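Each chain is listed here by its residues.
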Amino acid sequence: LRYLISGGSAGVTDLAVLYLLHNIFGVYYLLSAIIAFIVAFGVSFTMHKFWTFKSHEERADKQVVLYFGTSLFGLALNTLLMYIFVDFIHIAVLLSQIIVGFLVASVSFFISRNIVFKFNKDKYESR
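Numbering of residues starts from 1 in every chain and runs along the sequence as written. Confidence filtering applies because this is a predicted model: local features only for residues at pLDDT of at least 70, side-chain atom pairs given and counted only at 80 or more, and all residues used for totals across whole chains, interfaces and linings. The side-chain values count all of the structure's non-hydrogen atoms but skip hydrogen atoms and water molecules.

### Examining the confidence of the model for the protein chain
Considering every residue of the protein chain, the mean pLDDT works out to 86; 91% of them sit at 70 or more. The quantity known as pLDDT measures the predictor's confidence residue by residue, on a range of 0 to 100. Under the DSSP-based scheme used, a helix requires at least four consecutive residues in state H or I and a strand at least two consecutive residues in state E, with every element numbered from the N terminus. Mean pLDDT values for the elements of the protein chain range from 50 in helix α5 (residues 121-125) up to 92 in helix α1 (residues 2-24).

### A closer look at the environment of Gly 42
The residue Gly 42 is located in helix α2 (residues 29-52) in this model. Here's how the labels work: a residue is buried when its accessible area is under 20% of the maximum for its type, exposed when over 50%, partly exposed in between, all with a 1.4 Å probe on protein chains only. On the basis of relative accessible area, Gly 42 is assigned to the partly exposed category, the value being 34%. A sequence separation of 26 residues divides Gly 42 from Phe 68, and the C-alpha atoms of the two residues are 9.7 Å apart.

### Let's talk about a nonpolar patch on the surface
Patches were defined on residues exceeding 30% relative accessible area and lacking a salt bridge, with like-charge contacts within 9 Å and nonpolar side-chain contacts (Val, Leu, Ile, Met, Phe, Trp, Tyr) within 5 Å. Note on areas: these come from Shrake-Rupley sampling with a 1.4 Å probe, and a residue is covered only by the protein chains present in the view. Counted as salt bridges are all cases of a side-chain nitrogen of Lys or Arg within 4 Å of a carboxyl oxygen of Asp or Glu. A cluster of nonpolar side chains, namely Tyr 19, Leu 20, Ile 24 and Phe 25, defines an oily patch on the protein surface of about 430 Å² accessible area. Inspection of the secondary structure puts Ile 24 in helix α1.

### Observations concerning the environment of Tyr 29
Tracing the chain through its elements places Tyr 29 in helix α2. Given a relative accessible area of 7%, Tyr 29 falls into the buried group. Remark: the alpha-carbon pair of Tyr 29 and Val 93, spanning 64 residues in sequence, is separated by 7.4 Å. We call two residues in contact when some of their heavy atoms are within 4.5 Å. When residues no more than four places from it in sequence are discounted, the contact partners of Tyr 29 are Leu 18, His 22, Met 82, Tyr 83, Val 86, Asp 87 and Val 93.

Spelled out as structure tokens, the structure:
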């Protein structure tokens, strides 16, 4: 549930920035999607580290590098899928981002849980 709320907050940030850049300021949709993804990264990392996975004892510098690496993978996947959904399947930009965001979030959860924040079930249940 925490992952969904944290990811949802980052997702809302992502969509809001995408909407503002693309629909209001007329920035090309792929560039808008990249910028929105980067802005949402800060929201996502902070919420996942301190709230979702309660990773207070780990060094943030190591985690932010790992999380940034997985986010870059997510960004590449996000951009590729956005291109396919918008230019080939002809789905609207915002709807495409919602679908793509869900797919990328699903993959990112397992990477974050098992690699970046090294989820420890026993420790998590004791809190």
